[in-house]
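# Structural features, examined
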Amino acid sequence: MRRYYWGAVIVLLMAWGTACAPRQIKPVAAIDPAPLLEKIDTRQMAFEQGLSGTVELAFYGKKRFNGKIYIVAYPDGRFRLEVPGPFGGTLLVMASDNREILAFYPGESRAFRSMVDGKSINPYLPFPLPVDPAILPAMLMGVFPEGGHATGAEAHLMDSGEKQLLAAAADGGLQYTYYFGKGSDSRLRQVMIRGEDMEVSVRTFRDNGHLPRDFTITMTEGILKGEWDSVAPFKGDGAALWPRLPDSVAVTDLEASP
């Protein structure tokens, strides 16, 4: 009898363990990617006029940073971010016109300038730029960089009822995976972007599949995490992103020959 008793116990434990196991999300069928690609295109166009908001930012690596930033960004690579000081004022203003990038420290009356495709400015920042500044804004939003579009798209229905869209950027350097909720009007929940030595995760708000809720960028230098306190389409003038420096500010050109 004891042998049968323990056999029953083992069966019950196995059944309980199966019931409590995490849901496996696997592709069960290929589906037409066109409706999902249309959602992606609509979201891309919605951000062409820019995005602005406040982000709680944290960087974990050799350098450490934790604080609030104000940012305006465009998918074409232009952006301006400001880091407020601990006692008011502004600690840092950083801007890019997708040709040059500038870091301005108002309290120290100094600034550093470099070409946008170089990393020579990283040592002069409180946290290193995680990816090429020309594509950084697009990565924070979870969209294609300027002029980018999807190629080789494949879509699948998952056993959870959700949908997955796989695509590559036109230049072949980035791989995108989009996760959509259930139902015919399923919203975009998350975007995963993978590139060389980089992985990006962007999650959207529950009531809005367009606006990003948070992001995580993992790279060799560390992990950059951000959570949007507020975010909305930008209504200002993109021509005003570049800061006007007082004549007294010394600008160090990091691309100049020593």
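Shown above is the structure to which this text applies.
The model shown is predicted, which means the values in this text are computed figures rather than measured ones.

## Describing the overall build of the protein chain
Secondary structure assignment for the protein chain yields three helices and 15 strands. Taken across its 258 residues, the protein chain has 43% of its residues classed as buried. A sequence separation of at least 24 residues applies to 47% of the contacts in the protein chain between residues at least 6 apart. Looking at the protein chain as shown, the accessible area adds up to about 14200 Å², and 54% of this sits on carbon and sulfur atoms.

## Quick look at the pattern of salt bridges
Evaluated as defined, the whole model comprises eight salt bridges. The salt bridge involving Asp-97 is made with Arg-99; its shortest N-O contact spans 3.2 Å. You can call Asp-97 partly exposed: its relative accessible area is 23%. A relative accessible area of 57% places Arg-99 in the exposed class. Among the salt bridges present, the one from Arg-194 reaches Glu-199, with a minimum N-O distance of 3.1 Å. Through salt bridges that share partners, Arg-203, Arg-213 and Asp-214 make up one connected network.

## Some details on the nonpolar core
Formed by 54 residues in total, the largest nonpolar core has its most connected members in Leu-57, Ile-121, Met-139, Tyr-176, Tyr-178, Phe-215 and Ile-217. The element that contributes the greatest number of residues to this core is helix α3 (residues 136–141), accounting for five residues. Excluding residues within four positions of it along the chain, Tyr-178 makes contact with Ile-40, Gly-142, Phe-144, Lys-163, Gln-164, Leu-165, Leu-188, Gln-190 and Val-191.

## Things to note about the environment of Phe-47
With respect to the helices and strands, the residue Phe-47 is situated in the loop between α2 (34–46) and β2 (51–61). Under the relative-accessibility criterion, Phe-47 is labelled buried at 2%. Measuring from C-alpha to C-alpha, the distance between Phe-47 and Ala-138 comes to 9.3 Å, with 91 residues separating the pair along the chain. When neighbours within four sequence positions are excluded, Phe-47 is seen to be in contact with Pro-75, Met-141, Val-143, His-210, Leu-211 and Pro-212.

## Some points on the side chain of Gln-190
Tracing the backbone through its elements, the reader meets Gln-190 in strand β11 (residues 188–195). Residue classification places Gln-190 among the buried residues on the basis of a relative accessible area of 19%. A distance of 2.9 Å separates polar atoms of two side chains, one belonging to Gln-190 and the other to Ser-201. Every residue in contact with Gln-190, bar those within four places of it in the chain, is listed here: Thr-177, Tyr-178, Tyr-179, Ser-201, Val-202 and Arg-203.

## Thoughts on the pairing of strand β3 (residues 64–73)
For β2 and β3, the ladder comprises 10 bridges, and the chain directions are antiparallel. Bridge pairing links Thr-54 to Tyr-70 in β3. Hairpin remark: β2 followed by β3, antiparallel, with two residues in the connecting loop. With four bridges joining them, β3 and strand β4 (residues 79–84) adopt antiparallel strand pairing. By the bridge assignment for β4, Tyr-70 is matched with Glu-82. Counted along the chain from β3 to the antiparallel partner β4, the turn is five residues long, and its residue Gly-77 has a positive phi close to 105°.

Conventions adopted
Starting from 1, residues in each chain are numbered consecutively following that chain's sequence as written. Given that this is a predicted model, residues contribute local features only at a pLDDT of at least 70 and side-chain atom pairs are listed and counted only at 80 or more, while totals for whole chains, interfaces and linings are drawn from all residues. Excluding hydrogens and water, the side-chain figures rest on all heavy atoms present in the structure. Secondary structure follows DSSP: runs of H or I at least 4 residues long count as helices, runs of E at least 2 residues long count as strands, and numbering of each begins at the N terminus. We call a residue buried when its accessible area falls under 20% of the maximum for its residue type, exposed when it is over 50%, and partly exposed in between, using a 1.4 Å probe and counting protein chains only. Contacts are assigned to residue pairs with any non-hydrogen atoms lying within 4.5 Å of each other. Working definition of accessibility: Shrake-Rupley area with a 1.4 Å probe, residue cover restricted to the visible protein chains. Salt bridges are counted wherever a side-chain nitrogen of Lys or Arg sits within 4 Å of a carboxyl oxygen of Asp or Glu. Throughout, nonpolar core names a set of buried Ala, Val, Leu, Ile, Met, Phe, Trp, Tyr and Cys residues whose side chains join them through atoms within 4.5 Å. In protein, a polar contact requires one atom able to donate a hydrogen and another able to accept it; more generally it is a pair of N or O atoms within 3.5 Å, and residues adjacent in sequence count only if both atoms are side-chain atoms. We treat two strands as partners when DSSP finds at least two bridges between them.

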